[in-house]
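Residues per chain are reported as follows:
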Amino acid sequence: MAQPGGSKPKRKVVDIHTHMYPAEYISILSSRTEIPLVRTFPSPSSPDPDPRLILLEAELPALEKALQDPSAPVPGRPLTKHFTSLPQKLHFMTTHGIDISVLSLANPWLDFLPASEAGAIAERINTAFEEMCSSSSNRAFFFFAALPLTAPLETIVSCITHVSQCLPHCRGVILGTSGLGSGLDDPALLPILRSLADHNLPVFLHPHYGLPSAVYGPRAAEEYGHVLPLALGFPMETTIAVARMYLAGVFDAVPELRMILAHSGGTLPFLAGRIESCVLHDERLAKEAEKKKTTASRRRRRSVWEVLRSQVYLDAVVYSEVGLKTAVEASGGGREGAERLMFGTDHPFFPPVGDEADSQGEWESVRLNAEAVKRALGEGSEEAELVMGGNAIRVLRLFE
Ligand code: URA
Ligand code: ZN
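Here goes a summary of the coordinates provided. Counting restarts for each chain, with residues numbered from 1 along the sequence as it is written. Written order determines the labels here, with chains lettered from A and ligands numbered from 1. Given that this is a predicted model, residues contribute local features only at a pLDDT of at least 70 and side-chain atom pairs are listed and counted only at 80 or more, while totals for whole chains, interfaces and linings are drawn from all residues. Heavy atoms throughout the structure, all of them, feed into the side-chain values; hydrogens and water do not.

### Points about the packing of aromatic side chains
This is how it is decided: A pair of Phe, Tyr and Trp rings is counted when the ring centres sit within 6.5 Å of each other, with Trp represented by its six-membered ring. The angle between the planes then sorts it: under 30 degrees is stacked, over 60 is edge-to-face, the rest tilted. Only DSSP runs of H or I covering at least 4 residues are called helices, and only runs of E covering at least 2 are called strands; the numbering of each starts at the N terminus. For a lysine, the NZ atom is tested; for an arginine, the CZ atom; a charge sits over a ring if that atom is within 6 Å of the ring centre and within 35 degrees of the ring normal.
For the structure on display, the rule yields eight aromatic pairs. Seen from their ring centres, Phe83 and Phe349 are 5.3 Å apart, and the 85° between their planes marks the pair as edge-to-face. With Phe83 in the loop between β4 (77-78) and α3 (86-95) and Phe349 in the loop between β11 (341-342) and α15 (364-377), this residue pair connects regions lying 266 residues apart in the sequence. If you follow Arg301 out to its NZ or CZ, it ends over the ring of Tyr246, 5.5 Å from the centre. Above the face of the Tyr313 ring, Arg340 is positioned so that its terminal group lies 4.4 Å from the ring centre.

Pasting the structure below:
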């Protein structure tokens, strides 16, 4: 419908990368003595104690120091209402012109739960997400469910059936890179990936574990904050996880599987050519490919590029025009490539520094991602509008 004055109708903006921790998850973290955990420290600036979220292995040295020395800097990050409150999420959406959010549990999901508890907790956490989504009357929320990956296979598969059939706002699942504990190239994960594909539930793949702390060097813990684990550990983790899936033939084994990769696929768009070349020049893989030609299946391994352009979508959380253009090119380029990218914010991570507790204004991290889309694809272009919302609405069926 034309707008008064002949201007274009406003297309919906969709944030597909936006996290929440329901109350039950926070109480689980608060009862823990090992990471991930929530721990309260005296606040330097307020009489109220300061609850901190400590999630990453790279945060362990700071946690240990703070526990021994009350004058040491507090570890982790502040657990603000941005992590837990739906009204706060709505306020953030209004501030940034976001119409629809596809919520997901933040890392490390349910990966650390005892096997005997994981299934029941998953059911309650996913129900909490469904309730958040249905409490909003204007279809502002959908969600990616979390899976009880430490539980027995039947429990995981019945969770998939449950979220698909009983939770109408569920549009996929969020998965870390550890799978059942041995990574996403683990053959034991195939029935789960098949079940997800059969239920038309895309996998939103998100990092958490990073790289071993030793690669960041002895100065990192004291001097470099979160920069190396978040800027490099997270993207390399995602890249390695997907490369392992590719090498194990997972995409060929489950051709209906759809993956949405966080942070524009880590470094995958930039390194896909190198991965492809290393595959082509590897003696062992070449021999195996030769053997396959003579067997009945005659199945050719598809190239990394073919997989990227048929089974993979990327979020647009890359913070630069250069990164976004690379992601679009790796996804097929032009309109075809732009159809595989989806805007995200990574809220509530990366709040404005110094204002973490309140952060009610515009977030620089969001502005950088929105600017990158405009710069890479042209402000107001059809391609930019697809990335900002149209693709998510189509791929995730947000109006069905
Ligand atoms: N973004 C996330 O999603 N998780 C983190 O731990 C940090 C940044
Ligand atoms: Zn995230």
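Next comes the rest of the write-up.
### Structural notes on the side chain of Thr345
Going by this rule: Here the term buried applies to any residue with accessible area under 20% of the maximum for its type, exposed to any over 50%, and partly exposed to those in between, with areas from a 1.4 Å probe on protein chains only. As used in this structure description, the phrase polar contact means that two N or O atoms lie within 3.5 Å; if the pair is within protein, one of them must be able to donate a hydrogen and the other to accept it, and residues adjacent in sequence are counted only when both atoms belong to side chains. Throughout, a residue-residue contact means that at least one pair of heavy atoms, one from each residue, lies within 4.5 Å.
If you trace the backbone, Thr345 turns up in the loop between β11 and α15. Looking at Thr345, the relative accessible area reads 1%, which means it is buried. At 2.5 Å, the side chain of Thr345 forms a polar contact with the side chain of Asp15. Reaching out from Thr345, the side chain makes a polar contact with the backbone nitrogen of His347 at a distance of 3.0 Å. Beyond its immediate sequence surroundings of up to four residues, Thr345 is in contact with Asp15, His17, Thr18, Phe92, Ile98, Val317 and Val366.

### So, the site of ligand 1
Our working rule: Residues are counted as near a molecule or strand when any one of their heavy atoms sits within 4 Å of it. Here the open area of atoms and residues is found with the Shrake-Rupley method and a 1.4 Å probe, where only the protein chains shown may cover a residue. For this classification, Asp, Glu, Lys and Arg are treated as charged, while Ala, Val, Leu, Ile, Met, Phe, Trp, Tyr, Cys and Pro are nonpolar and the rest, including Gly, are polar.
Looking at ligand 1, the residues that line it are His19, Leu55, Arg77, Asn107, His206, Leu230, Phe234, Asp346, Phe349 and Phe350. Between ligand 1 and His19 there is a distance of 3.2 Å, counted from an oxygen atom to a side-chain nitrogen or oxygen. Protein chains shield 100% of the accessible area of ligand 1, which is 230 Å² for the free molecule. Taken together, the residues of the shell around ligand 1 sort by class into five nonpolar, three polar and two charged.

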